[in-house]
Amino acid sequence: ARTTAMGFTPEQRAAIDDRAGSALLAAAAGSGKTAVMVERFVEAVLRDEVAVGSVLALTFTEKAAGELRERLRRRLTALGEIERAREAEAAWIGTIHGFCARVLRARPLTAGLDPRFTVLDEPAARRLAERAYETALEGWAAASGAAALDVAAAYGPALRDLVLAAHETQRSRGQTHPRLPIPPPRPQPDPA
């Protein structure tokens, strides 16, 4: 693609120049998303006189957020904006879960949370889900006996994956305590 004098394509330049409000920047890996976000951020601060602490920049991963913060700091430093480069260290740059945790930590009691709450990282959440599955499976097997063991044995380890995927789907739909409907019992098939 043709680039402008600053090294951005016309599409990238348009994304940088359109700072009237919020924007979602979605593009393939290696397409220059971070560079565009940095330049958009810098121009909002320097041209539009937006405070560094008034810009919210969210990425998908902590690694990407760290990269964005570092490149923003370097860009502001290169432009001689040392104080603003320092401010970038405390800027609202992160992931959506990190942003939400930061907001909730500012007013945990207002949100009805214990001020000592923590956000689970992916491995801890996975371990917790697997423990909950094992507990539920044991309870189900104890309550339903041989029939439950037969179903669990028929599915094998895939049963855990099915249950956890169903739970995750329900949670992503906003259910805080997901429950799958249990179908009514059906009559036993005629042995004949």
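As a reminder, the structure under discussion sits directly above these lines.
From a predicted model like this one, the values you see are computed outputs, not experimental measurements. (Residues numbered from 1 in each chain as written. Predicted model: local features only at pLDDT ≥ 70, side-chain atom pairs only at ≥ 80, totals over all residues. Heavy atoms only, no water.)

Caption draft 1: View of a nonpolar patch on the surface. A surface patch of nonpolar side chains, about 380 Å² in accessible area, is lined by Trp140, Val151, Tyr155 and Leu162. On the secondary structure map, Trp140 appears in helix H6 (residues 122-144). Residue classification places Trp140 among the partly exposed residues on the basis of a relative accessible area of 34%. (Patch = residues over 30% accessible without salt bridge, like charges linked within 9 Å, V, L, I, M, F, W, Y side chains within 5 Å. Areas by Shrake-Rupley, 256 points an atom, 1.4 Å probe, with all protein chains shown as cover. Salt bridge = Lys/Arg side-chain N within 4 Å of Asp/Glu carboxyl O. Helix = DSSP H or I, 4+ residues; strand = E, 2+ residues; numbered from the N terminus. Buried < 20%, exposed > 50% of the residue type's maximum accessible area, 1.4 Å probe, protein only.)

Caption draft 2: Looking closely at the packing of H6 against helix H8 (residues 158-172). Look at H6 against H8: their axes get within 11 Å of each other, and the N-to-C directions meet at 110°. Put simply, H6 runs roughly perpendicular to H8. When the axes of H6 and H8 are compared, the crossing they make is right-handed. Counting all contacts with H6, which are made through Ala129, Glu130, Tyr133, Leu137 and Trp140, the residues of H8 involved are Leu159, Arg160, Val163 and Leu164. Of the residues that constitute the contact of H6 with H8, the class distribution is 7 nonpolar, no polar and 2 charged. (Axes fitted to C-alpha atoms, helices over the stretch in contact; angles between N-to-C directions. Parallel < 35°, antiparallel > 145°, perpendicular 65-115°, else oblique. Left-handed = near helix turned anticlockwise from the far one by under 90°. Contact = heavy atoms within 4.5 Å. Nonpolar A, V, L, I, M, F, W, Y, C, P; charged D, E, K, R; others polar.)

Caption draft 3: Inspection of the packing of aromatic side chains at higher detail. Tallied over the entire structure, the rule returns 1 aromatic pair. Look at Trp92 and Phe99: their rings are 5.7 Å apart centre to centre, the planes differ by 70°, and that puts the pair in the edge-to-face class. Here Trp92 falls in the partly exposed class, since its relative accessible area comes to 26%. Using a relative accessible area of 24% as the deciding quantity, one classes Phe99 as partly exposed. A cation over a ring is seen here: Arg102 above Trp92, with NZ or CZ 3.7 Å from the ring centre. Stacked on the ring of Phe117, the Lys or Arg Arg105 has its end atom at 4.8 Å from the ring centre. (Phe/Tyr/Trp six-rings, centres within 6.5 Å; stacked < 30°, edge-to-face > 60°. Lys NZ or Arg CZ within 6 Å of the ring centre and 35° of its normal.)

Caption draft 4: Quick peek at unusual backbone geometry. Positive phi is not limited to glycine here, since Glu49 has a value of about 60°. Structurally, Glu49 is set in the loop between helix H2 (33-46) and strand S1 (56-59).

Limitation: the analysis is restricted to geometry and does not speak to function.
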